[in-house]
Amino acid sequence: QVQLVESGGGLVQPGGSLAISCAASGSIVFGAIYTLAWYRQASGKQRELVATVSGSGRTTYTDSVKGRFTISRDNAKRTVNLQMTSLKPEDTAVYYCNIKGPGSNYWGQGTQVTVSS
């Protein structure tokens, strides 16, 4: 019954900005017990954790995106957002949202972000 849908991906030039979002439908709610995260998987590479935001609002980022990406959550709207700036070609990947809580671990289908001239 739970479904996560990412949106906002696309093609952007190096140095540009892009925001992607993940919306939850079904029985799940974005409560404090859930940690929200964005992962990404580039072609030929393993999936990596990009950013997380806890129920208390604490955020973490992988070093390669720190200072350029911002993760946020809106529990009322049941969305998690990733604002990306100063994009680099190495940011090109399929981005996946993840919601993890007690006895739950949900994934979206992913959205493609391509950074290229």
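Given the structure is predicted, the values throughout are model-derived calculations rather than measurements.

Asker: With reference to specific residues and values, describe the pairing of strand β11 (residues 111–115).
Answerer: Burial along β11 is one-sided: the face carrying Thr-111, Val-113 and Val-115 is buried and the face carrying Gln-112 and Thr-114 is not. Looking at chain direction, strand β2 (residues 10–12) and β11 are connected through three bridges and run parallel. Its bridge partner lying in β11, Gly-10 is registered against Val-113. Where strand β9 (residues 93–101) meets β11, three bridges bridge the pair, whose relative direction is antiparallel. Across the sheet, Val-94 pairs through a bridge with Gln-112, a residue of β11.

Asker: Residue-level account of the pattern of salt bridges, with values.
Answerer: When charged atoms on two side chains of opposite charge get close, those side chains can pair. All chains considered together, the criterion is met by four salt bridges. A salt bridge links Arg-40 to Glu-48; its shortest N-O distance comes to 2.7 Å. Residue Glu-48 is classed as partly exposed on the basis of its relative accessible area of 31%. Asp-91 serves as the salt-bridge partner of Arg-40, at 3.0 Å between the closest nitrogen and oxygen. Residue Arg-40 is found in strand β4 (residues 35–41), and its partner Asp-91 is found in the loop between β8 (79–84) and β9; the two are separated by 51 residues along the sequence.

Asker: Please provide a residue-by-residue account of the packing of aromatic side chains, values included.
Answerer: Taken as a whole and judged by the stated rule, the model has one aromatic pair. Note that Arg-47 overlies the ring of Tyr-96, its terminal NZ or CZ placed 3.8 Å from the centroid. The ring of Trp-107 carries Arg-47 above its face, with NZ or CZ at 5.0 Å from the centroid.

What counts as what
- Residues numbered from 1 in each chain as written.
- Predicted model: local features only at pLDDT ≥ 70, side-chain atom pairs only at ≥ 80, totals over all residues.
- Heavy atoms only, no water.
- Buried < 20%, exposed > 50% of the residue type's maximum accessible area, 1.4 Å probe, protein only.
- Helix = DSSP H or I, 4+ residues; strand = E, 2+ residues; numbered from the N terminus.
- Pairing = 2+ DSSP bridges.
- Salt bridge = Lys/Arg side-chain N within 4 Å of Asp/Glu carboxyl O.
- Phe/Tyr/Trp six-rings, centres within 6.5 Å; stacked < 30°, edge-to-face > 60°.
- Lys NZ or Arg CZ within 6 Å of the ring centre and 35° of its normal.

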